[in-house]
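Chain residues, written in single-letter form:
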Amino acid sequence: MKQKQNYNFLMEQELKRLDHRPTLLLHVCCAPCSSAVIERMVEYFDICVLFYNPNMDTDVEFIRRAEEIDRLLSDCGWSVDVKVLDYNHDEFLEIAEGLEEAPEGGARCMKCYRQRLEKTAEYAADNGFEYFTTTLSISPYKNAEALNSIGKGLEKEYNVKYLYSDFKKKNGFKRSTELSEEYGLYRQDYCGCEFSKVER
């Protein structure tokens, strides 16, 4: 049986090897998940958060989550840039076609992971970032092994270093709930797409 990778350990090893303060393009899905990740990573990187989430079921949900990230960064006083890419739900529906009935965490989610990570890798390559990664692994409902496998493959394709992560480790998810409560963040109860909302 294949031994599971400890992605948090791999990330910590990479952080120890840093000999300068590199740039990190951090894909973010929402303010609660971003909170604990940025708090941890801002010590090591110059961060730009990328809000690219065509999976959101409505533009209202998309705007609300994007605005909460701005508010979080302002309230915390972190010096972090933000880039919000245009909302285009059709991009997500196109990759989800035929997988509408797939269970949460199944084939549809894998395609969604790849869509968002690939856009992040592409943006990182086009804009000279040294690293990219995503906050998605902070959720206990997200598959860190799949996320890291996709990210590592994209590293080769786009020639930008992927930062392994499993941000739920070291009480990351617990810390995100604490920060959400402290700053009164909007904490949604579904991942974002209409299919996850129905399953919820």
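Right, let's walk through the structure included here.

What counts, and where the lines are drawn
Residues numbered from 1 in each chain as written. Predicted model: local features only at pLDDT ≥ 70, side-chain atom pairs only at ≥ 80, totals over all residues. Heavy atoms only, no water. Axes fitted to C-alpha atoms, helices over the stretch in contact; angles between N-to-C directions. Helix = DSSP H or I, 4+ residues; strand = E, 2+ residues; numbered from the N terminus. Left-handed = near helix turned anticlockwise from the far one by under 90°. Contact = heavy atoms within 4.5 Å. Salt bridge = Lys/Arg side-chain N within 4 Å of Asp/Glu carboxyl O. Buried < 20%, exposed > 50% of the residue type's maximum accessible area, 1.4 Å probe, protein only.

### Remarks on the packing of helix α2 (residues 31–41) against helix α3 (residues 59–76)
Item 1. The contact between α2 and α3 brings their axes to 9 Å, and the two run at 35°. Note on packing geometry: the crossing formed by α2 with α3 is right-handed. Of the residues in α3, those touching α2 at Ala 31, Ser 34, Ser 35 and Ile 38 are Glu 68, Ile 69, Leu 72 and Leu 73.

### Let's talk about the pattern of salt bridges
Item 1. Inspection of every chain in the model, using the stated rule, returns 16 salt bridges.
Item 2. The residue Arg 71 makes a salt bridge to Glu 68 at a minimum N-O spacing of 2.8 Å. Residue Arg 71 and its partner Glu 68 are both found in helix α3; the two are separated by 3 residues, about one turn of the helix.
Item 3. For Arg 71, a relative accessible area of 28% gives the class partly exposed.
Item 4. We note a salt bridge from Glu 104 to Arg 108, for which the minimum N-O separation is 3.3 Å.

### Points about unusual backbone geometry
Item 1. The backbone of Asn 159 shows a phi angle near 60°, a positive value even though the residue is not glycine.
Item 2. Here Asn 159 shows up in the loop between α6 (144–158) and β5 (161–162).
Item 3. Positive phi, close to 55°, is recorded for Lys 170, a residue that is not glycine.
Item 4. Of note, Lys 170 is situated in the loop between β5 and α7 (172–183).

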